[in-house]
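Read off the chains here:
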Amino acid sequence: MRKDVRILLVGEPKVGKTSLIMSLVSEEFPDEVPLRAEEITIPADVTPERVPTHIVDYSEAEQSDEQLYQEISKANVICIVYSVNNKKSIEKVTSHWIPLINDRTDKDSRVPLILVGNKSDLVEHSSMETILPIMNQYSEIETCVECSAKNLKNISELFYYAQKAVLHPTGPLYCPEEKEMKPSCIKALTRIFKISDLDNDGVLNDNELNFFQRTCFNMPLASQALEDVKNVVRRNMTDGVKDNGLTLKGFLFLHTLFIQRGRHETTWTVLRRFGYDDDLELTQEYLFPLLKIPPDCTTELNHNAYLFLQSVFDKHDKDRDCALSPDELKDLFKVFPYMPWGPDVNNTVCTNEQGWITYQGYLSQWTLTTYLDVQRCLEYLGYLGYSIIHEQESQAAAITVTRNKRIDLQKKQTQRSVFRCNVLGARDSGKSGFLQAFLGRNVARQKRIREDHKSYYAISTTYVYGQEKYLLLHEVLPDFEFLSEADLACDVVCLVYDISNPRSFEYCAKAYKKYFMDSKTPCMIIAAKSDLHEVRQHYSLSPLDFCRKHKLHPPQPFTCNSADAPSKDIYTKLTTMAMYPHMTQADLKNSTFWLRASVGATVFAVLGFAMYKALLKQR
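Residues numbered from 1 in each chain as written. Predicted model: local features only at pLDDT ≥ 70, side-chain atom pairs only at ≥ 80, totals over all residues. Heavy atoms only, no water.

A.B. asks: What is the right way to read the sheet that holds strand 1 (residues 5–11) from this model?
C.D. replies: Note: strands within a sheet are paired through backbone hydrogen bonds, in either parallel or antiparallel orientation. What the six strands build is an open sheet, ordered 2-3-1-4-5-6; its pairing is mixed. Each edge of the open sheet is held by one strand with a lone partner, namely strand 2 (40–42) and strand 6 (141–146). Strand-to-strand twist across the sheet, computed as the mean angle between neighbouring axes with direction ignored, equals 20°. Bridge count between strand 2 and strand 3 (residues 53–57): three bridges; the pairing is antiparallel. Bridged to Thr41 within strand 3 is His54. Lying on the sheet, helix 1 (residues 17–26) is in contact with strand 1, strand 2, strand 3, strand 4 (77–83) and strand 5 (113–118); it crosses strand 3 at an angle near 145°. (Pairing = 2+ DSSP bridges. Helix = DSSP H or I, 4+ residues; strand = E, 2+ residues; numbered from the N terminus. Axes fitted to C-alpha atoms, helices over the stretch in contact; angles between N-to-C directions. Contact = heavy atoms within 4.5 Å.)

A.B. asks: So what exactly am I meant to see when it comes to the sheet that holds strand 21 (residues 556–558) here?
C.D. replies: Here six strands make up an open sheet; going across it, the order is 17-18-16-19-20-21 and the pairing mixed. Looking at which strands have only one partner, the edges of the open sheet turn out to be strand 17 (457–464) and strand 21. Pairwise comparison of adjacent strand axes, ignoring direction, gives a mean angle of 30° for this sheet. Where strand 16 (residues 418–425) lies against strand 19 (residues 492–498), five bridges are found, and the strand directions are parallel. Across the sheet, Gly425 pairs through a bridge with Val496, a residue of strand 19.

A.B. asks: Explain the packing of aromatic side chains to me, please; I cannot follow it from the model alone.
C.D. replies: In this description, an aromatic ring pair is defined by two values, namely the gap between the centres and the angle between the planes. This structure, assessed with the given rule, holds 28 aromatic pairs. Centroid distance Tyr306 to Tyr470: 6.4 Å. Interplanar angle 5°. Geometry classified as stacked. Here the residue Tyr306 occupies a position in helix 12 (residues 303–316), and Tyr470 occupies one in strand 18 (residues 467–475), the gap between them amounting to 164 residues. As far as the burial class goes, Tyr306 and Tyr470 line up, both buried. (Phe/Tyr/Trp six-rings, centres within 6.5 Å; stacked < 30°, edge-to-face > 60°. Buried < 20%, exposed > 50% of the residue type's maximum accessible area, 1.4 Å probe, protein only.)

A.B. asks: It is not clear to me how helix 1 should be interpreted in this structure. Could you clarify?
C.D. replies: Since the α-helix turns once every 3.6 residues, residues separated by three or four places project in the same direction. Within helix 1, seven of the ten residues are buried, leaving the element largely enclosed by the surrounding structure. Of all the residues in helix 1, the buried ones are Lys17, Thr18, Ser19, Leu20, Ile21, Ser23 and Leu24. Elements that come into contact with the buried residues of helix 1 comprise strand 1, strand 2, strand 3, strand 4, strand 5 and helix 5 (155–167). Within two residues after helix 1, Glu27 carries a phi angle of roughly 60°, on the positive side.

A.B. asks: So what exactly am I meant to see when it comes to the side chain of Glu146 here?
C.D. replies: Looking at the element boundaries, Glu146 is found in strand 6. For the buried Glu146, no salt bridge is present, and the opposite-charge side chain at shortest range is Lys153, 5.5 Å distant. Within the structure, the side chain of Glu146 is placed 2.5 Å from the side chain of Ser127, a separation counted as a polar contact. Residue contacts for Glu146: discarding those within four places in its chain leaves Tyr82, Val84, Gly117, Ser126, Ser127, Met128 and Asn154. (Lys, Arg positive; Asp, Glu negative; His and termini not counted. Salt bridge = Lys/Arg side-chain N within 4 Å of Asp/Glu carboxyl O. Polar contact = N/O pair within 3.5 Å; in protein donor to acceptor, adjacent residues only side chain to side chain.)

A.B. asks: Would you take a moment to explain the packing of helix 14 (residues 359–372) against helix 15 (residues 374–384) for this structure?
C.D. replies: How two helices sit against one another is set out by the angle between their axes and by the gap between those axes. The interhelical angle for the contact between helix 14 and helix 15, taken along N-to-C directions, is 130°, at an axis separation of 5 Å. The angle between the axes of helix 14 and helix 15 places the two elements in the oblique class. In contact with Trp366, Thr369, Thr370 and Leu372 of helix 14, helix 15 contributes Val374, Arg376, Cys377, Tyr380, Leu381 and Leu384. (Parallel < 35°, antiparallel > 145°, perpendicular 65-115°, else oblique.)

Written as structure tokens, this is what we have:
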């Protein structure tokens, strides 16, 4: 909502503009009226909406046209004052003042107008018959009010309506000619309905309505009040209530009713609670709350965020198959202004045999977004209504900023859950296959991936000493001379060569010597395509001798050309190296070390899935 409101009063001379302002301030009709009142500011604590309000007078005798134009451009709302006993002043509303104001304001964001009929104490009749056609002709006119500065009639109401026209404008919500809500308002309220429909059954039941009411207005509705609301809808439409719950049509009808009855503030309170601004766009403050991330720190989702995302998944997994079909995924993202996940996501995370994103894959993609682009994650959580459903100040409460990596190295332990592994290697060395194998895909399944759906990332869980961790693999393009800081910044490096290509290892050796030999980043060399015949590498040292010379773990044989899903042992090793970068290569070569880590992985992988299935059955 606006921080303050600026009201400008214009109109013909002697219609009582200055008297209205002075009567409001002194609460009595002034004996002497100056040509123009000084600008006054009404403090926030004495206005109904708790917003400071500036009231500005205009005098043709004291001000130039240029000064008038400046005041029009600064005003949030303009009151055109006429005298109810002066026909000429009423005619000037349409012949002079409205055209003048419209010429000085942008067509797409017209300033709201209030027509003010002053001196109602001097006549017996109302001017409304003359004014109503004018109101119907100009959509920017919010309302009309008749008042008397002398009798103090409707003075407070006049300025309240002016304030309300700015803070709760009709224009963005409703089209008076069509007598229906505008498409942008319907779109915003539809998103709000979907977020509030916690079980995604298409109706708001009593619990959901109460949660919505408490969220927006800080108070629940009594049982009888709930029934009264539903009865109003039932009387006016046949499909507004279903299974004793409010449908989307019923929800939209109620808001149309609020607006038609002049209770715009009810709809605006709801819209603003769900992050919308005066143009019915989600505000930057709502989508991108402040989040400070010091250097060498990473971003992860916390426990509450994962619980929220689990509930969103459950809400849309209609067939309870632990995967999201294309229709289920489309339904989940209906609260977004665009589809955030492209076809490459299906090749970044785990999917089922039909290629649908699994529960594990869904959480993995959120983890990846949080790690690589936390601002985008905040935006996405904003669309889903995280801060509203979890009753947090903002979705920044969903993010954990990890401590500096140097402190982890000093303390020889880490609390982080996500580790990045950059995968380097010459062209056709098997990097893409290595990424896809992590997602359980053998060569046969990898051949079904379209080139334009390819991903340079793969993320899934591994288990080290019984702890679930995410390993994020990133395939770095093999442009040896132009590796950026982002290409080099990671927790562990994977150098991949093709054992059947004699020129493949040379790239790994050069990359290691140029970029990683003097760094503290642990490295592993992968002997890919190990099902093929191994040839001698055209390099001064064999891969094994190179590893011995540089105190690296021996090259790890790897293939994804198998009938079953490829083994995940190598990924557990990479995660362990990322978690314990301080360990010497001698430690890492110790077979019992790997055995302890990987046995925990197997047990917890089985347990983790079994526990999720059990929870699903309970629900």
